[in-house]
Amino acid sequence: MRLIFQRSIFRRHTVTELIIGHNKSVEPFLSQLKRGRFPHAWLFEGPKGVGKATLARLLAATVLGDSYSADNNGFKLTSSEAYKKIEASNHPDVRIVSDEREEGDTRSSQISVDEIRKLTGFFELQASQGGYRVGIVDSLDNLNANGANALLKTLEEPPEKCLLILIYHGSTSILPTIRSRCVRLKFSALPRDDLQAAIRAFETEAPASEDVLALSGGSPGRLRTYLDCDADILISELKTSIFNSWPEVSSSRWPKLKRLMSISELHLELGVAAISHWLGQMARSETASLENSRYARLWSELNASAERGKALKLDKSERAAAHLQMLIRLSDEMRVRA
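Structural notes, computed from the coordinates. This one's a predicted model, so the numbers in the text were calculated from it and none came from an experiment.

1. A few points about the overall build of the protein
Stage number 1. Within the protein, the regular secondary structure consists of 14 helices and 9 strands.
Stage number 2. Evaluated residue by residue, the protein yields a buried proportion of 45% over its 338 residues.
Stage number 3. Contacts spanning at least 24 positions in sequence make up 67% of the contacts within the protein whose residues lie at least 6 apart.
Stage number 4. When the accessible area of the protein is evaluated, it comes to approximately 17,300 Å², of which 47% is carbon and sulfur surface.

Laid out in structure tokens, this is it:
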């Protein structure tokens, strides 16, 4: 059975999103909810973009009174009063601590100990509707050490009728004691058929190319953002300027390529992802160990540089130029060797 959930954001425009392929992952949660013996802490583990945070909000809504149906046709809310309030960030019994920042926000993406302490204080309050108080931490990957220790105290001594859902993408290590005190639900990247189903559900006329499907890594969230930003335009320029003529590169086209990569943080991430994917393919296709190691080394350097530049909030244009300069150096090395 495939889980498909249609989400309506109740604003002026209605946006439809789907969570696909996770029915087995959510079965333990719904089963415990029916029994009324509900664990206070859950750890949603899996790749970023597969729907963990959206599911956390949906399942929080069921705990707070929204009804649902779950059968061979899928899982869906049949009432959504609590969910609408959660989406509007005004449900009195829900707190979401997030590492997501709007572009231009100068705050660190790390979740601080102060944010966790505020969540702990929230749990000490009486629920406005006499039921559960729900906290969602999205994500543990950006929780600093002090914040992790503060969170652990809540996990060890949970208040009555407290529900804590922790999102974890797996990009950093977390305290084993945090993991051991949670019920773990694992979410996987979606197979190709489910990604195609997601595209149909997005109600978009834009088809997904093979390149975009490959770069999405089984993540419907990432797939949708790539479709929304016309990813194929940037990918096509990368192919024309670099991939198709390698190790010769079309330097006259690089100003356009840099401009495309600098449009937004998403475009820069997309460019790095496309280059990384290509470098991985090249490393696997090379039989000579020296060439293989050069591609593998640049793959590592590129991704480290991208993470560092993002963390330091460096200028997007400068970061794009630095990434492309790495390719120029490798191109020079490959042509000299040839």
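Read on, since the account is not over.
2. What about the sheet that holds strand E9 (residues 183-186)?
Stage number 1. What the 5 strands build is an open sheet, ordered E6-E7-E8-E3-E9; its pairing is parallel. In the strand order of this sheet, the two ends are held by strand E6 (94-98) and E9, each with one partner. Between one strand axis and the next, the sheet turns by 15° as a mean value, whatever way the strands run.
Stage number 2. Sheet analysis places strand E3 (residues 41-45) next to strand E8 (residues 162-168), joined by 5 bridges and oriented parallel.

3. Observations regarding the nonpolar core
Stage number 1. Residues Ile 242, Trp 278, Leu 279, Tyr 295 and Leu 327 are the most contacted members of the largest nonpolar core, which totals 41 residues.
Stage number 2. Among the elements of the structure, helix H7 (192-201), helix H8 (210-216), helix H9 (220-228), helix H10 (231-241), helix H11 (254-261), helix H12 (265-285), helix H13 (289-311) and helix H14 (316-337) are those that each provide at least two residues to this core.
Stage number 3. Dropping the residues within four chain positions of it, Trp 278 is found in contact with Ile 242, Phe 243, Trp 246, Tyr 295 and Leu 327.
Stage number 4. Core analysis: the next-biggest nonpolar cluster, separate from the first, contains 27 residues, Phe 29, Trp 42, Leu 58 and Val 134 among them.

4. Description of the side chain of Ser 219
Stage number 1. Tracing the backbone through its elements, the reader meets Ser 219 in the loop between H8 and H9.
Stage number 2. For Ser 219, a relative accessible area of 1% puts it in the buried group.
Stage number 3. Setting aside anything within four residues of it in sequence, one finds Ser 219 in contact with Lys 48, Gly 49, Val 50 and Leu 195.

5. Quick word on the environment of Lys 24
Stage number 1. Tracing the sequence through the fold places Lys 24 in helix H1 (residues 23-35).
Stage number 2. The exposure class assigned to Lys 24 is exposed, which follows from its relative accessible area of 69%.
Stage number 3. Counting along the chain gives 162 residues from Lys 24 to Lys 186, while the straight-line C-alpha distance between them is 9.3 Å.

Criteria and cut-off values
- Residues numbered from 1 in each chain as written.
- Predicted model: local features only at pLDDT ≥ 70, side-chain atom pairs only at ≥ 80, totals over all residues.
- Heavy atoms only, no water.
- Helix = DSSP H or I, 4+ residues; strand = E, 2+ residues; numbered from the N terminus.
- Buried < 20%, exposed > 50% of the residue type's maximum accessible area, 1.4 Å probe, protein only.
- Contact = heavy atoms within 4.5 Å.
- Areas by Shrake-Rupley, 256 points an atom, 1.4 Å probe, with all protein chains shown as cover.
- Pairing = 2+ DSSP bridges.
- Axes fitted to C-alpha atoms, helices over the stretch in contact; angles between N-to-C directions.
- Core = buried A, V, L, I, M, F, W, Y, C linked by side-chain atoms within 4.5 Å.

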